[in-house]
Amino acid sequence: MTNPREANVTLPNAAQRSAVTPDGRRLAVETSGAPDGEAVFLLHGTPGSRSGPRPRGIVLYRLGVHLVCYDRPGYGDSDRHEGRRVADAAADVAAIADDLGIDRFAVVGRSGGGPHALACAALLPDRVTRAAVLVGLAPAGAPDLDWYAGMAEANVGDFGLADEDPAELTLELTMRAADARRDPRTLLEFLRPQLPEPDIRVVDDVAIRRLLTDMYAEALRHGPEGWIDDVLAMRRGWGFDLGAIRAPVRLWHGEQDRFTPVGHSRWLASRIPRAQVQVQPGAAHFGAVEILPQTLAWLTTPELAATPLY
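The structure displayed is predicted, hence computed values, not measured ones. For every chain, the first residue of the written sequence is number 1, and numbering continues from 1 along that sequence. Only residues with pLDDT of 70 or above have their local features reported here, since the model is predicted, and side-chain atom pairs are shown and tallied only from 80 upward, although totals for entire chains, interfaces and linings are computed over all residues. Side-chain measures here rest on the full set of heavy atoms in the structure, leaving out hydrogens and waters.

Draft legend 1. Structural detail: the side chain of arginine 84. Put simply, DSSP marks the helices as runs of H or I at least four residues long and the strands as runs of E at least two long, and each gets a number from the N terminus on. Structurally, arginine 84 can be placed in the loop between β4 (65-70) and α3 (88-100). Judged by relative accessible area, which is 2%, arginine 84 ranks as buried. A polar contact is formed between the side chain of arginine 84 and the backbone oxygen of glycine 226, at a distance of 3.1 Å. Setting aside residues up to four positions removed in sequence, arginine 84 forms contacts with Arg72, Pro73, Tyr75, His116, Gly226, Asp229, Asp230, Ala233 and Arg236. Using a 1.4 Å probe on the protein chains alone, a residue whose accessible area is under 20% of its type maximum counts as buried, one over 50% counts as exposed, and one in between counts as partly exposed. Polar contacts, as counted here, are pairs of nitrogen or oxygen atoms within 3.5 Å of one another; within protein the pair requires one atom able to donate a hydrogen and one able to accept it, and residues that are adjacent in sequence qualify only if both atoms are side-chain atoms. Every residue pair with non-hydrogen atoms within 4.5 Å of one another is taken to be in contact.

Draft legend 2. Molecular detail of the side chain of histidine 44. By the element assignment, histidine 44 lies in the loop between β3 (38-43) and α2 (57-63). Judged by relative accessible area, histidine 44 falls into the buried class, the value being 3%. Those residues in contact with histidine 44, other than ones at most four positions away along the chain, are Ser49, Arg50, Tyr70, Asp71, Arg72, Tyr75, Arg110, Gly112 and Gly113.

Draft legend 3. How the structure looks around the pattern of salt bridges. We count a salt bridge whenever a side-chain nitrogen from Lys or Arg sits within 4 Å of a carboxyl oxygen from Asp or Glu. In total, this model carries 26 salt bridges according to the counting rule given. Among the salt bridges present, the one from arginine 50 reaches glutamate 30, with a minimum N-O distance of 3.9 Å. In this pair, arginine 50 is assigned in the loop between β3 and α2 and glutamate 30 in strand β2 (residues 26-33), connecting sequence segments 20 residues apart. For the pair shown, arginine 50 and glutamate 30 are each scored as buried.

Draft legend 4. The arrangement of the nonpolar core in detail. Put simply, buried Ala, Val, Leu, Ile, Met, Phe, Trp, Tyr and Cys residues joined by side-chain atoms within 4.5 Å make one nonpolar core. Membership of the largest hydrophobic core comes to 74 residues, with the highest contact counts inside it found for Phe41, Phe105, Leu118 and Phe240. Beyond its immediate sequence surroundings of up to four residues, phenylalanine 105 is in contact with Ala39, Phe41, Val93, Ala97, Leu124, Arg127, Val128, Thr129 and Arg130. Counting residues in each nonpolar core, the second largest holds 19 residues, with Cys69, Val135, Ala283 and Ile291 among its members.

Draft legend 5. Highlighting the pairing of β3. When you tally the buried positions in β3, you get five out of six residues, the bulk of the element. Following DSSP output, two strands are said to pair if at least two bridges run between them. As judged from the five bridges shared by β3 and β4, these two strands associate in the parallel manner. Directly across from alanine 39, in β4, lies its bridge partner histidine 66. What joins β3 to β4 is α2, and the crossover it makes is right-handed. By convention, orient the strands away from the viewer: a clockwise path from the first strand over the helix to the second makes the crossover right-handed.

Draft legend 6. Up close: the packing of helix α5 (residues 153-164) against helix α6 (residues 166-182). Interaxial distance between α5 and α6 falls to 6 Å at its minimum, and their mutual angle equals 145°. Side by side, α5 and α6 meet where Asp158, Leu161, Ala162 and Glu164 of the first sit next to Pro166, Glu168, Leu169, Glu172, Leu173 and Arg176 of the second. Within the contact of α5 with α6, the residues separate by chemical class into five nonpolar, no polar and five charged. Inter-axis angles, ranging from 0 to 180 degrees, are taken between N-to-C directions of lines fitted to C-alpha atoms, where helices are fitted over the stretch in contact. Classification used: nonpolar for Ala, Val, Leu, Ile, Met, Phe, Trp, Tyr, Cys and Pro, charged for Asp, Glu, Lys and Arg, polar for all others including Gly.

Draft legend 7. Structural detail: the environment of leucine 137. One can find leucine 137 in the loop between β6 (128-134) and α5. Residue classification places leucine 137 among the buried residues on the basis of a relative accessible area of 4%. Through-space distance from the C-alpha of leucine 137 to that of leucine 268 is 8.3 Å; in sequence the pair is 131 residues apart. Leaving out residues up to four positions away in the same chain, leucine 137 has contacts with Ser111, Pro115, Trp147, Met151, Phe159, Met234, Trp238, Thr260, His264 and Leu268.

Draft legend 8. Geometry of the packing of aromatic side chains. Pairing of aromatic side chains requires ring centres within 6.5 Å, counting the rings of Phe and Tyr and the six-membered ring of Trp. Pairs whose planes differ by under 30 degrees are stacked, by over 60 edge-to-face, and all others tilted. Counted according to the given criterion, the structure contains four aromatic pairs. Note on tryptophan 147 and tyrosine 148: the rings are 5.2 Å apart at their centroids and 80° apart in plane angle, and the pair reads as edge-to-face. The class for tryptophan 147 is buried, based on a relative accessible area of 5%. Ring geometry for tryptophan 238 against phenylalanine 240: centres 5.9 Å apart, planes inclined by 25°, an arrangement best described as stacked. When the ring centre of tryptophan 147 is taken as origin, the NZ or CZ atom of arginine 235, which lies over that ring, is 4.5 Å away. Cation placement over rings: the criterion is NZ of Lys or CZ of Arg within 6 Å of the ring centroid and within 35° of the ring normal.

Draft legend 9. Structural detail: helix α9 (residues 206-220). The length a helix should cover is 1.5 Å for every residue beyond the first. Taking 1.5 Å per residue, 15 residues should reach 21 Å; α9 reaches 21 Å between its end C-alpha atoms and fits that length. All of the buried residues in α9 are Ile208, Leu211, Leu212, Thr213, Met215, Tyr216, Glu218, Ala219 and Leu220. With a side-chain oxygen positioned 3.2 Å from the backbone nitrogen of alanine 207, the residue opening α9 is aspartate 205.

Draft legend 10. Highlighting unusual backbone geometry. With an omega of -10°, the peptide bond between threonine 46 and proline 47 qualifies as cis. For valine 135, which is not glycine, the phi torsion reads 50° and is therefore positive. Relative to the helices and strands, valine 135 is located in the loop between β6 and α5. Take valine 135: its relative accessible area is 1%, and that puts it in the buried class. With phi around 65°, aspartate 144 is a residue other than glycine that occupies positive phi space. Mapping aspartate 144 onto the fold places it in the loop between β6 and α5. Accessibility expressed as a relative area gives 77% for aspartate 144, which makes it exposed.

Draft legend 11. Just the sheet that holds strand β8 (residues 275-280), in detail. Reading across the sheet, the eight strands line up as β1-β2-β4-β3-β5-β6-β7-β8 and stay open at both edges, with mixed pairing between neighbours. Bordering the open sheet on either side are β1 (15-20) and β8, each of which pairs with just one other strand. Strand-to-strand, the axes of this sheet are offset by a mean angle of 20°, without reference to chain direction. As paired strands, β2 and β4 are joined by five bridges and run antiparallel to one another.

Remember, this is a structural readout, not a statement about activity or role.
The structure is reproduced here in structure tokens:
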């Protein structure tokens with residue numbers, strides 16, 4: 001198995017470009033790994049960017065993966081799409097795939113990217129081969145789910161403001177993003193008191209911590225708009241039916257996650273027809289960084305698609 005400390009380092013072979021959506025927006029895209037490999041879109045968390053942690057080039061070549069990352073609208077160098085829904089990610093991913101000449105592909109979403117990966121699976125059924133969600137969220141208002149149960153104070157506050165006072169949410173995230181532009185380490189310092197021990201172990205790794213802070217700096221260097229729009233989109237109707245997903249789906253969650261409680265993945269598994277769920281003891285939210293190489297192997301290896309998790 002790939003050592004996660006070796007897997008998640010800066011990619012020397014990454015290539016950057018822009019794709020333009022049908023409505024004229026520009027999306028910043030970064031590709032890496034094997035150019036002729038199996039295409040996988042990695043959808044970053046909230047806040048995040050195309051530069052987030054992922055396996056280094058040699059690992060991607062070994063896996064036979066052509067990895068595509070992009071900044072969601074409003075993050076990094078991607079134009080804002082104000083009022084966007086989670087469902088809108090599918091059209092953006094399709095535009096990027098068309099620009100790259102990719103017909104079929106897998107998707108994986110980490111944290112806030114999880115709902116967006118599921119949107120691609122639901123709305124692009126003829127193109128998405130498999131989907132994975134790492135520490136993902138369930139829809140707001142999900143029946144039979146206490147959405148906030150076990151959730152850290154920071155996320156409860158942000159999502160609560162999205163419902164009750166979007167103007168105050170905008171002010172709060174604008175100030176937090178300004179602090180992060182001055183010093184991106186402030187975001188991890190803000191979260192640290194709420195991190196369980198498994199997350200502290202991950203973020204205290206020097207290489208991973210540097211990748212996270214670089215990702216935050218890139219995500220927010222033009223402002224907080226992507227972050228604001230992500231939080232609002234997560235609390236609105238997502239705009240697609242989970243039951244429409246036909247591709248195999250793998251859900252992974254750290255048992256001690258306090259930012260996206262594990263009940264969210266269990267709820268998703270009960271609503272997605274071909275979903276498997278793995279809850280990993282001794283892991284939490286940032287464990288999604290370490291599990292990514294194994295997830296990419298599952299996404300790109302046909303004989304593993306039907307393999308049970310247990």
